[in-house]
Amino acid sequence: MTHRIVVNVETGVTAQVEYTAEEQAVHDAAVAAQALAEAQALAEAQALAEAQAAAAVVVTPTDPVV
């Protein structure tokens, strides 16, 4: 389980506290959403790079143009 740090502002004492089941579920969902967003961004970047590479191909005619 993930933990969080709690600080008592009056005493300055810190404590490491385990997430509750609800907090852990929210954390896990956020991590999964971030991973999905990164995968989508990577796929979009790859598609853009492939499109740019395809557009950069120049076909030169073999017969002279008059």
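Let me sum up the structure you'll find in this document. (Residues numbered from 1 in each chain as written. Predicted model: local features only at pLDDT ≥ 70, side-chain atom pairs only at ≥ 80, totals over all residues. Heavy atoms only, no water.)

Remarks on the overall build of the chain
Phase 1 of the analysis: Assigned secondary structure in the chain consists of one helix and two strands.
Phase 2 of the analysis: From first element to last, N terminus to C terminus, the chain shows the α and β order β-β-α.
Phase 3 of the analysis: Against the 2.2 N^0.38 benchmark of 11 Å for 66 residues, the chain shows a C-alpha radius of gyration of 27 Å, more extended than a compact globule.
Phase 4 of the analysis: Roughly 5700 Å² of accessible area belongs to the chain as shown, and the carbon and sulfur atoms make up 63% of that amount. (Helix = DSSP H or I, 4+ residues; strand = E, 2+ residues; numbered from the N terminus. Rg over C-alpha atoms; globule rule 2.2 N^0.38 Å. Areas by Shrake-Rupley, 256 points an atom, 1.4 Å probe, with all protein chains shown as cover.)

Here's the deal with the environment of Ala47
Phase 1 of the analysis: Relative to the helices and strands, Ala47 is located in helix H1 (residues 21-56).
Phase 2 of the analysis: Residue Ala47 is classed as partly exposed on the basis of its relative accessible area, which comes to 44%.
Phase 3 of the analysis: On a C-alpha basis, the gap between Ala47 and Thr20 in space is 41 Å, while along the polypeptide they are 27 residues apart. (Buried < 20%, exposed > 50% of the residue type's maximum accessible area, 1.4 Å probe, protein only.)

A look at the pattern of salt bridges
Pairing of side chains with opposite charge becomes possible as their charged atoms draw close.
Phase 1 of the analysis: This model, assessed by the stated rule, comprises one salt bridge.
Phase 2 of the analysis: In this structure, Arg4 engages Glu23 in a salt bridge whose closest nitrogen and oxygen atoms are separated by 3.3 Å. One end of the pair, Arg4, is in strand S1 (residues 3-7); the other, Glu23, is in helix H1, and 19 residues separate them in sequence.
Phase 3 of the analysis: Taking the relative accessible area as the measure of exposure, Glu23 reaches 27% and is therefore partly exposed. (Salt bridge = Lys/Arg side-chain N within 4 Å of Asp/Glu carboxyl O.)

Details of the environment of Ala32
Phase 1 of the analysis: Among the secondary structure elements, Ala32 is positioned in helix H1.
Phase 2 of the analysis: Counting along the chain gives 21 residues from Ala32 to Thr11, while the straight-line C-alpha distance between them is 36 Å.

Structural notes on the pairing of S1
Phase 1 of the analysis: Relative to strand S2 (residues 14-18), S1 runs antiparallel, the two being bridged by five bridges. The residue bridging Arg4 from the neighbouring strand is Val17, located in S2.
Phase 2 of the analysis: Between S1 and S2, which pair antiparallel one after the other, the connecting turn spans six residues, and Gly12 there sits at a positive phi close to 80°. (Pairing = 2+ DSSP bridges.)

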